[in-house]
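What the coordinates show
So you can see what is in the structure, the chains are spelled out below.
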Amino acid sequence: MTDLPEALHRALTDAHRSINHGGLLEVAGAHGPVWVGQHPECEAEHRPCVIDQLKALGLIDRIGCPPMRSAHITDLGLLEIDIAGIAA
């Protein structure tokens, strides 16, 4: 499963970095909702479709209802990070 597109790798990496900082949060962006990592080193905004794809793959879990949702990396997501050698 390490053949994830770059956008999914970036979002999964941010979810991993944010594991102890509240995960990814859905916030209002200039053109609609976006997801941002809560770790201080996370600067990217992730589109909702990227988070949807990670959820469909079982790599993250979403919690809550719009617009107050968060996403957290799953055990399968952690395994993907480990296999891919993605450094957080």
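Refer to the preceding data block for the structure.
Residues numbered from 1 in each chain as written. Predicted model: local features only at pLDDT ≥ 70, side-chain atom pairs only at ≥ 80, totals over all residues. Heavy atoms only, no water.

Comments concerning the sheet that holds strand β2 (residues 32-37)
Strand order in the open sheet formed by 5 strands is β3-β2-β1-β5-β4, and the pairing between neighbours is antiparallel. The sheet terminates laterally at β3 (45-46) and β4 (60-63), the two strands that pair on one side only. Examined bridge by bridge, strand β1 (residues 24-29) and β2 share 6 bridges and lie antiparallel to one another. Each bridged residue has a counterpart across the sheet, and for Leu24 the counterpart in β2 is Gly37. (Pairing = 2+ DSSP bridges. Helix = DSSP H or I, 4+ residues; strand = E, 2+ residues; numbered from the N terminus.)

Brief notes about the pattern of salt bridges
A full pass over the atoms with the stated rule returns 4 salt bridges. Across the pair Glu6 and Arg10 runs a salt bridge, and its minimum N-O distance is 3.9 Å. Taken together, the residues span about one helical turn, with Glu6 and Arg10 both in helix α1 (residues 6-17) at a distance of 4 residues. The salt bridge involving Glu26 is made with Arg69; its shortest N-O contact spans 2.9 Å. (Salt bridge = Lys/Arg side-chain N within 4 Å of Asp/Glu carboxyl O.)

A closer look at the pairing of β2
Count of turn residues in the β1/β2 antiparallel hairpin: 2 residues. Where β2 and β3 come together, 2 bridges link them in antiparallel fashion. Bridged to Trp35 within β3 is His46.

Digging into the packing of α1 against helix α3 (residues 75-84)
At a closest axis distance of 10 Å, the pairing of α1 and α3 adopts a crossing angle of 110°. In terms of orientation, α1 and α3 fall into the roughly perpendicular class. By crossing handedness, the relation of α1 to α3 is classed as left-handed. Of the residues in α3, those in contact with His9, Leu12, Thr13 and His16 of α1 are Gly77, Leu78, Glu80, Ile81 and Ala84. When its residues are assigned to classes, the contact of α1 with α3 shows 4 nonpolar, 4 polar and 1 charged. (Axes fitted to C-alpha atoms, helices over the stretch in contact; angles between N-to-C directions. Parallel < 35°, antiparallel > 145°, perpendicular 65-115°, else oblique. Left-handed = near helix turned anticlockwise from the far one by under 90°. Contact = heavy atoms within 4.5 Å. Nonpolar A, V, L, I, M, F, W, Y, C, P; charged D, E, K, R; others polar.)

Thoughts on the environment of Arg47
Residue position: Arg47 is located in the loop between β3 and α2 (48-56). With a relative accessible area of 54%, Arg47 lands in the exposed category. Separated by 13 residues in the primary sequence, Arg47 and Val34 place their C-alpha atoms 5.2 Å from one another. (Buried < 20%, exposed > 50% of the residue type's maximum accessible area, 1.4 Å probe, protein only.)

Digging into the nonpolar core
Core analysis: the largest hydrophobic core is formed by 15 residues, its most contacted members being Leu12, Leu24, Ile51, Leu54, Ile60 and Ala71. Elements represented by at least two residues in this core include exactly α1, α2 and β5 (70-73). In terms of residues, this core owes the most to one element, α1, which gives 4 residues. Residues contacting Leu54, with those up to four places away along its chain left out, are Leu8, Ala11, Leu12, Leu59 and Ile60. (Core = buried A, V, L, I, M, F, W, Y, C linked by side-chain atoms within 4.5 Å.)

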